[in-house]
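Results of the structural survey
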Amino acid sequence: MPCSFHFYQNPPQITRGKMQYLYDDYVGGKYLDFFAGVSVMNCGHSNDTIIKDSIEQMKTLQHTTTIYLTQPIVDLAEKLSKVLPGDLNKSFFCLSGSEANEGAMLLAKLYTGNNEFIYLDAGLHGRTHLTMSVTGIDMWRASPNPELGTHRATGFYPNVAQNDFDLELAMNKSISSIEEILIKQNNKIAALIIEPIQGNGGILTPHKEYFIKLKSLLIKHNVLLIVDEVQTGFARTGKMFAIENFGITPDIMTIAKALGNGQPISAFCTTNEIAASFTRPSASTLGGNPVSSTTAISVLNYIENHSLCEHASKMGDYLTQGLQYLQNRHNIIRDIRGIGLMQGAELVEGISPAIEKTDKILESMKDNGILIGKNGLSRNVLAFQPPLVICKENIDECINKLDVVLKLV
Ligand code: PMP
C-alpha cells in the first residue's frame with residue numbers, strides 16, 4: 001500500500017463515513033472516529049443535510065470567478081460576520097489553512113508596512129514556505145534554521161515531562177520572550193501569529209489570562225495579532241471560536257478545516273479598517289466558490305440548529321472526566337489538557353516521552369474499533385478531537401476500551 005506517513009503499521013482503508021463512524025468495507029471494519037480528520041468533520045461524515053445542500057449547489061453553479069458576484073459567497077460573508085467575534089466583519093476566502101495564514105500575513109504587512117513576524121514554539125501554521133517558517137515544530141518546518149524576518153518566541157505551555165505544570169510561570173516566560181523580541185526588533189514586526197490551543201504541538205492550552213496579556217503587549221508595540229483557528233474553530237471548544245474562551249478579539253483570524261466539513265474552503269477575517277488595506281484584486285482563484293460557500297453556510301446552520309457549541313461543551317466535560325479517571329488508574333498518563341472536544345493525554349515513562357507505547361496504544365485502539373489521533377512535539381500525545389455529534393455512549397466506549405488497552409501495554 002502506498003503510504004507516506006501513518007499512525008498505524010496496518011492502516012485502515014476507509015471506504016465510507018457516516019456521522020461519527022468510518023468504515024473499511026474491504027475488511028468489514030467499523031470505526032468510531034475520535035480524530036475527525038484533525039478537527040475537520042465537526043458536523044460528522046457525509047452529513048445528510050450538508051451534502052444535500054452542496055449537491056444542489058453543484059447542480060446549479062460550480063464556479064465562475066470572483067470578478068462576478070455569486071449569492072453563496074455574499075451570504076457566507078454576511079453569515080460569518082454575524083458569528084465572528086468582536087468587530088471582525090470582512091472575510092477573504094481561499095482553500096486551505098496554509099493559504100489563509102499566508103493571506104493573513106500578507107494583509108498584516110500591507111496594513112502595518114512592516115515585514116517581520118513573531119511565532120511560538122510548538123505552533124503550526126501550514127505547509128507553504130512562509131507558514132512553515134513561522135511554525136515552531138521542527139518536523140513541520142522547511143528547515144531547522146531560522147528564516148529571515150521571522151522570530152521564534154518561547155511557547156506558553158510548561159514541560160510536563162520535566163515535572164513542570166506551572167501554567168502561570170510558562171505564561172510569564174512566553175510574554176517576556178515576546179516582549180524581548182518586540183523591543184529588539186523595534187518597528188519591524190507586522191504581526192504575531194498564534195493558535196489559541198496548539199493542536200499539532202500536543203493540544204497545548206494556555207493559562208486563561210495569556211491572551212489578555214499578549215494583546216495588551218502587542219497593542220503597546222503596534223503589532224497585529226493573527227489568531228489561527230484552523231484547528232480550533234467551529235464549536236470544537238464549546239464556543240464558535242476557541243479565542244472566545246480567552247476574552248479578547250484578534251486583529252485577524254484564520255479559519256479553514258471544519259468551515260467546509262470536508263469541502264476545501266478557508267478564510268482570513270478582519271476588521272473593516274484592516275481589510276481596506278488589502279489592495280490585491282482577489283485572495284484566491286477557487287476560494288469561496290459557490291459549492292464550497294454553500295457548504296460552509298450549511299455547516300454554520302447545522303452548528304446553530306443542533307446547538308453544537310453547547311453539545312461540544314457538555315461532551316467535552318464528560319470526556320475530561322473519563323480521561324481523569326484513566327489518569328488516576330494509569331501512571332503513563334502524565335497530563336490531560338484541552339477545552340471541549342479538543343483534548344490531549346500526554347504519555348510518558350519516567351521523564352521520557354512514551355513514543356513507542358503511544359503507537360502501540362493507537363494500533364490497539366484501532367483494532368478495537370476506535371480511531372484516536374496523535375500529536376505533540378515527541379508524538380506522544382493521544383489526541384481526542386471527534387466529530388461534535390458524538391454522544392455519551394461513544395465516550396464511554398472509548399474510555400472503557402482505552403482502560404483495557406492501557407492495562408495491556
Ligand atoms: N494551521 C493549523 C493550526 C493547522 O492545524 C493546520 C493543518 N494541520 C494548518 C494551519 C494548515 O492547514 P492546511 O493543511 O489546510 O493548509
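Residues numbered from 1 in each chain as written. Predicted model: local features only at pLDDT ≥ 70, side-chain atom pairs only at ≥ 80, totals over all residues. Heavy atoms only, no water.

One pass over the full model with this rule turns up 15 salt bridges. Here Asp335 makes a salt bridge to Arg337, at a shortest N to O gap of 2.7 Å. The same class applies to Asp335 as to Arg337, namely buried. Overlapping salt bridges, with partners in common, bring together Asp121, Asp138 and Arg152 in one network. (Salt bridge = Lys/Arg side-chain N within 4 Å of Asp/Glu carboxyl O. Buried < 20%, exposed > 50% of the residue type's maximum accessible area, 1.4 Å probe, protein only.)

Under the 1.5 Å per step criterion, the end-to-end length of helix 9 (residues 290-305) is 22 Å for 16 residues, consistent within 8% with the ideal 22 Å. Counting buried residues in helix 9 gives 13 out of 16 residues, a clear majority hidden from the surface. Ser307 lies just past helix 9 and shows a positive phi near 45°. (Helix = DSSP H or I, 4+ residues; strand = E, 2+ residues; numbered from the N terminus. Expected span 1.5 Å × (residues − 1).)

Here we take up the site of the ligand. Gly97, Ser98, Arg127, Asp228 and Gln231 are the nearest of the 14 residues found near the ligand. A distance of 2.5 Å is found between an oxygen atom of the ligand and a side-chain nitrogen or oxygen belonging to Ser98. In the model, an oxygen atom of the ligand is placed 2.7 Å from a nitrogen or oxygen of the Gln231 side chain. Within the complex, the protein chains bury 89% of what would otherwise be the 400 Å² of accessible surface of the ligand. Judged by the proximity of its atoms to the pocket grid, the ligand belongs to the largest pocket. Looking at the shell around the ligand, the element that brings in the most residues is helix 4 (residues 97-112), giving three residues. (Near = heavy atom within 4 Å. Polar contact = N/O pair within 3.5 Å; in protein donor to acceptor, adjacent residues only side chain to side chain. Areas by Shrake-Rupley, 256 points an atom, 1.4 Å probe, with all protein chains shown as cover. 1 Å grid on protein atoms, 1.4 Å probe; cavity = no way out; pocket = protein on both sides within 12 Å on 5 of 7 lines; lining within 4 Å. Sits in = over half its atoms within 2 Å of the grid points.)

Turning our eyes to something else, we now look at the environment of Ala104. Here Ala104 is to be found in helix 4. Take Ala104: its relative accessible area is 0%, and that puts it in the buried class. Along the sequence, Ala104 and Asp121 sit 17 residues apart, while their C-alpha atoms lie 20 Å from each other. Discounting chain neighbours no more than four positions away, the residues touching Ala104 are Ile226, Ile252, Thr254 and Phe268. (Contact = heavy atoms within 4.5 Å.)

Attention shifts here to the packing of aromatic side chains. Evaluation of the coordinates by the stated rule reveals ten aromatic pairs. Relative to Tyr8, the ring of Phe7 lies with its centre 6.1 Å away and its plane at 70°, an arrangement referred to as edge-to-face. The exposure class of Tyr8 is buried, given its relative accessible area of 12%. An angle of 65° between the planes, with centres 5.1 Å apart, marks the rings of Phe156 and Tyr210 as edge-to-face. Taken as a pair, Phe156 in the loop between strand 6 (150-153) and helix 6 (167-184) and Tyr210 in helix 7 (residues 210-220) lie far apart in primary sequence, 54 residues in all. Taking the relative accessible area as the measure of exposure, Phe156 reaches 0% and is therefore buried. Here the aromatic residues Phe156, Tyr210, Phe211 and Phe246 are joined through ring pairs into a cluster of three or more. Just above the ring of Tyr318 sits the side chain of Lys392; from NZ or CZ to the centre is 4.8 Å. (Phe/Tyr/Trp six-rings, centres within 6.5 Å; stacked < 30°, edge-to-face > 60°. Lys NZ or Arg CZ within 6 Å of the ring centre and 35° of its normal.)

The computed volume of the largest pocket comes to approximately 830 Å³. Of all the secondary structure elements, the ones that give two or more residues to the lining of the largest pocket are helix 1 (36-39), helix 4 and strand 14 (370-375). For the lining of the largest pocket, the leading source of residues is strand 14, giving four residues. Of the residues contributing to the lining of the largest pocket, the split by class is 16 nonpolar, 13 polar and seven charged. (Points joined across faces, edges and corners; volume = space filled by probe spheres on them. Nonpolar A, V, L, I, M, F, W, Y, C, P; charged D, E, K, R; others polar.)

Once that is clear, we can look at the pairing of strand 10 (residues 266-270). Counting buried residues along strand 10, five of its five residues qualify, which places the element largely inside the surrounding structure. Of the two faces of strand 10, the one lined by Ser266, Phe268 and Thr270 and the one lined by Ala267 and Cys269 are each fully buried.

Regular strands place side chains that alternate from one sheet face to the opposite one. Here strand 14 lies mainly inside the structure; six of its six residues are buried. Residues Ile370, Ile372 and Lys374 of strand 14 are buried on one face, and the alternating residues Leu371, Gly373 and Asn375, pointing to the opposite face, are buried as well. Where strand 14 meets strand 15 (residues 381-384), three bridges bridge the pair, whose relative direction is antiparallel. Along strand 15, the bridge assignment pairs Lys374 with Leu382. Connecting strand 14 to the next strand, strand 15, in antiparallel fashion are five residues, including Gly376 with a positive phi near 105°. (Pairing = 2+ DSSP bridges.)

Right, let's talk about the state of the cysteines for a bit. Under the counting rule described, the total for this entry stands at zero disulfides. Free cysteine: Cys94, not disulfide-bonded; nearest cysteine sulfur from Cys269 at 9.1 Å. Classification of Cys269 as buried rests on a relative accessible area of 0%. (Disulfide = S-S within 2.5 Å.)

Right, let's get into the packing of helix 6 against helix 7. Angle between the axes and distance between the axes: these two values describe a pair of packed helices. Two elements in contact, helix 6 and helix 7, have axes separated by 10 Å at closest approach and are oriented at 10°. With respect to helix 7, the axis of helix 6 lies roughly parallel. Read as a crossing pair, helix 6 and helix 7 show a hand that is right-handed. Residues Met171, Asn172, Ser174, Ile175, Ile178, Glu179 and Leu182 of helix 6 form the contact with helix 7, whose own contacting residues are Tyr210, Lys213, Leu214, Leu217, Leu218 and Lys220. (Axes fitted to C-alpha atoms, helices over the stretch in contact; angles between N-to-C directions. Parallel < 35°, antiparallel > 145°, perpendicular 65-115°, else oblique. Left-handed = near helix turned anticlockwise from the far one by under 90°.)

Among the secondary structure elements, Gln343 is positioned in strand 12 (residues 342-349). Residue class for Gln343 comes out buried when judged on its relative accessible area of 2%. A polar contact is formed between the side chain of Gln343 and the backbone oxygen of Gly316, at a distance of 3.4 Å. If we ignore the near neighbours within four places in the chain, the residues touching Gln343 are Ile203, Gly316, Leu319, Thr320, Leu323, Ile336, Arg337, Gly338, Leu382, Ala383 and Phe384.

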